[in-house]
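Chains, contacts and geometry: an overview
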Amino acid sequence: DVKVTQSSRYLVKRTGEKVFLECVQDMDHENMFWYRQDPGLGLRLIYFSYDVKMKEKGDIPEGYSVSREKKERFSLILESASTNQTSMYLCASRQGGYGYTFGSGTRLTVV
Amino acid sequence: AQRVTQPEKLLSVFKGAPVELKCNYSYSGSPELFWYVQYSRQRLQLLLRHISRESIKGFTADLNKGETSFHLKKPFAQEEDSAMYYCAPSPSNTGKLIFGQGTTLQVKP
């Protein structure tokens, strides 16, 4: 019954590394989103995409980029990981006016 | 500035007590309004959306357009309601959800 899958549950990366976080949904949703979740700050939108090859910046896009080559897959890229990017990353998809379906999250630690 | 505020970081009640988790928003137009819940070690899931007027797990949410609030309520809290709750308006025609800071509900036995 899992509909949004994030490839890694836990990741540990070194400062300066290029990091790829993958998200796949099997519901044929057009809209996909990447958030980071930090205690006391809630969820903050990094990037989102309304369709294949389309992307929009969210509230905190600095240091991140995204790729959406296929409708079902939305990748978040940390160009050069830094310690302040240590966080829980959540992917979600949405169709029309319904709410989001979330993945289980990737906890990234940058050392 | 457009934002959503959940003023309580932690709300602690005893089992059987009423619960109200507050949410205030400042968006123009008529945003869609949602509440999400995250139980321990589980993914975020939709609790309810205003437009459907559903009651899920005994929770309801009242929209007050005058006060721009969308508080979540339950008359009798259960221990299994202990979780993190997020209020999330979706500004008109954006498709995005903007999340509040979240409120941890702790229901004591």
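As a reminder, the structure under discussion sits directly above these lines.
Quick look at the structure, then. None of these values were measured; they are calculated from a predicted model. (Residues numbered from 1 in each chain as written. Chains lettered and ligands numbered in written order. Predicted model: local features only at pLDDT ≥ 70, side-chain atom pairs only at ≥ 80, totals over all residues. Heavy atoms only, no water.)

Along chain A, the regular secondary structure elements total zero helices and 12 strands. Mapped in sequence order, the helices and strands of chain A form the string β-β-β-β-β-β-β-β-β-β-β-β. In terms of C-alpha radius of gyration, chain A reaches 13 Å, essentially the compact-globule figure of 13 Å for 111 residues. Across its three principal directions, the C-alpha atoms of chain A cover 40 × 25 × 25 Å. Buried residues in chain A amount to 48% of all 111 residues. The long-range share in chain A, meaning contacts at least 24 apart out of those at least 6 apart in sequence, stands at 53%. Put simply, chain A shows about 5,400 Å² of open surface, and 49% of that area lies on carbon and sulfur atoms. Positive and negative charge centroids in chain A, built from 16 and 14 side chains respectively, lie 4 Å apart. (Helix = DSSP H or I, 4+ residues; strand = E, 2+ residues; numbered from the N terminus. Rg over C-alpha atoms; globule rule 2.2 N^0.38 Å. Buried < 20%, exposed > 50% of the residue type's maximum accessible area, 1.4 Å probe, protein only. Contact = heavy atoms within 4.5 Å. Areas by Shrake-Rupley, 256 points an atom, 1.4 Å probe, with all protein chains shown as cover. Lys, Arg positive; Asp, Glu negative; His and termini not counted. Charge placed at Lys NZ, Arg CZ, Asp CG, Glu CD.)

So, about the environment of Tyr 35 of chain A. One can find Tyr 35 of chain A in strand β5 (residues 31-38). We classify Tyr 35 of chain A as buried; its relative accessible area is 1%. As a C-alpha pair, Tyr 35 of chain A and Leu 76 of chain A span 41 residues in sequence and 9.8 Å in three-dimensional space. The residues touching Tyr 35 of chain A, leaving out its near neighbours within four places in the chain, are Leu 43, Arg 44, Leu 45, Ile 46, Met 88, Tyr 89, Leu 90, Tyr 100 and Phe 102 of chain A together with Leu 97 and Phe 99 of chain B.

This part takes up the interface of chain A and chain B. On the side of chain B, 17 residues touch chain A, which itself brings 22 residues to the contact. Both faces considered, chain A and chain B share a buried interface measuring about 1,600 Å² in area, 50% of it formed by carbon and sulfur atoms. Looking at the side of chain A facing chain B, the largest losses of area belong to Leu 43, Arg 94 and Phe 102 of chain A, adding up to 28% of the total buried there. Connecting chain A to chain B are one salt bridge. Glu 32 of chain B is the salt-bridge partner of Arg 94 of chain A, the closest N and O atoms lying 3.2 Å from each other. One can count nine residue pairs in polar contact (both at pLDDT 80 or more) joining chain A with chain B. Where the side of chain A that touches chain B is concerned, the elements lending two or more residues are β5, β6 (42-49) and β10 (87-94) of chain A. No other element matches the four residues that β6 of chain A contributes to the side of chain A that touches chain B. Residue composition of the side of chain A that touches chain B, by class: 13 nonpolar, seven polar and two charged. (Buried area = accessible area lost by both parts, 1.4 Å probe. Salt bridge = Lys/Arg side-chain N within 4 Å of Asp/Glu carboxyl O. Polar contact = N/O pair within 3.5 Å; in protein donor to acceptor, adjacent residues only side chain to side chain. Nonpolar A, V, L, I, M, F, W, Y, C, P; charged D, E, K, R; others polar.)

With 25 residues, the main nonpolar core has Trp 35, Leu 72 and Tyr 85 of chain B as its most contacted residues. For this core, the elements supplying multiple residues, two or more each, are β2 (10-14), β3 (19-21), β5 (32-38), β6 (45-49), β8 (69-74), β9 (83-90) and β10 (103-108) of chain B. Core analysis: the second largest hydrophobic core is formed by 20 residues, Leu 11, Ile 60, Val 66 and Leu 78 of chain A among them. (Core = buried A, V, L, I, M, F, W, Y, C linked by side-chain atoms within 4.5 Å.)

Right, let's get into the environment of Lys 55 of chain A. Among the structural elements, Lys 55 of chain A can be located in the loop between β6 and β7 (56-57). If near-sequence neighbours (up to four positions away) are discounted, Lys 55 of chain A is found in contact with Phe 48, Ser 49 and Val 66 of chain A.

Residue and element names in this part refer to chain B. Positive phi, close to 65°, is recorded for Arg 41, a residue that is not glycine. In this fold, Arg 41 is placed in the loop between β5 and β6. Since its relative accessible area comes to 79%, Arg 41 is described here as exposed. Its identity is not glycine, yet Lys 57 carries a phi of approximately 55°, on the positive side. Tracing the chain through its elements places Lys 57 in the loop between β6 and β7 (60-64).

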